[in-house]
Structures are given as C-alpha cells and as structure tokens.
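Secondary and tertiary structure notes
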Amino acid sequence: MLLPSDKDRVGGPAREESLALIQTLFGENSRAISILGRLLQTPYCSGLLYSPTPVMPALLRLDPIWDPLRADPAFQKLCEEKQR
C-alpha cells in the first residue's frame, strides 16, 4: 500500500499480488478482487506468485489460492478471458 504499482512500476505489482493474497486469506475479498482487477490491467513481468508471469485470468481460474473468492461474481468476471 505504501509503494503501489503507479509509484513503483518494477516492484509494485509483486507487492500488490502479495497484498491481494493476504487480503484473501483474511476474508477481505472485495479488496483482493479490486487489486487483482488492477493487476490484470497492468503490464508487468516480475510478480511474486507466478514469476515471471503476471496474474492472468487462467491463473485465477486454476490456482486454489483464490478458492475463497470463487463464489463472488466480481471474481468470476475477472476469470473470464477477453475475446479479441
């Protein structure tokens, strides 16, 4: 929170991934989903969870880390692939 992606383009996304995971573990689902939504819109390549891959809809669908968020319609929308 102190050094988000918009202030640190290199390390910020990795810290935000960690923050989303922590918020998920503590039941702060809407905050975690909000961060994950931002990360899906942010081009980066050095995350902590999936390095060197950024958070992607397929990873959100498959990784059991995000199971507590699965019932939330906002999370389900994040998991959808964008059609080109």
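The structure we're discussing is the one just above.
All values derive from a computational prediction rather than experimental measurement.

Per the secondary structure count, the protein includes four helices and zero strands. Ordering the α and β elements of the protein from the N terminus gives α-α-α-α. Counting the 84 residues in the protein, one finds 36% classified as buried. At a minimum sequence separation of 6, the contacts of the protein that also span at least 24 residues come to 41%. For the protein, the computed accessible surface area is about 5,500 Å², with 60% contributed by carbon and sulfur atoms.

This brings us to helix α2 (residues 29–40). Compared with the 16 Å implied by 1.5 Å per residue over twelve residues, the 16 Å span of α2 between its first and last C-alpha is a close match. At its buried positions, α2 is contacted by α1 (12–25), α3 (57–62) and α4 (73–78).

Let us now look at the nonpolar core. Counting 16 residues, the largest nonpolar core has L36, L39, V55, L60, W66, L69 and F75 as the members making the most contacts within it. Within the residue set of this core, elements represented by two or more residues are α1, α2 and α4. Of the residues forming this core, the biggest block, five residues, is contributed by α2.

You can see Y44 is positioned in the loop between α2 and α3. Along the chain, Y44 and V55 lie eleven residues apart, while their C-alpha atoms are 9.0 Å from each other. Setting aside residues no more than four positions away along its own chain, Y44 makes contact with P13, E17, L39, P54 and V55.

Okay, the environment of L49 next. In this structure, L49 sits in the loop between α2 and α3. You can call L49 partly exposed: its relative accessible area is 27%. Sequence-wise, L49 and S18 are 31 residues apart; in three dimensions their C-alpha atoms are separated by 7.5 Å. If we ignore the near neighbours within four places in the chain, the residues touching L49 are E17, L21, I65 and W66.

Basis of the calculations
- Residues numbered from 1 in each chain as written.
- Predicted model: local features only at pLDDT ≥ 70, side-chain atom pairs only at ≥ 80, totals over all residues.
- Heavy atoms only, no water.
- Helix = DSSP H or I, 4+ residues; strand = E, 2+ residues; numbered from the N terminus.
- Buried < 20%, exposed > 50% of the residue type's maximum accessible area, 1.4 Å probe, protein only.
- Contact = heavy atoms within 4.5 Å.
- Areas by Shrake-Rupley, 256 points an atom, 1.4 Å probe, with all protein chains shown as cover.
- Expected span 1.5 Å × (residues − 1).
- Core = buried A, V, L, I, M, F, W, Y, C linked by side-chain atoms within 4.5 Å.

Function-wise, these values are silent; they only describe arrangement.
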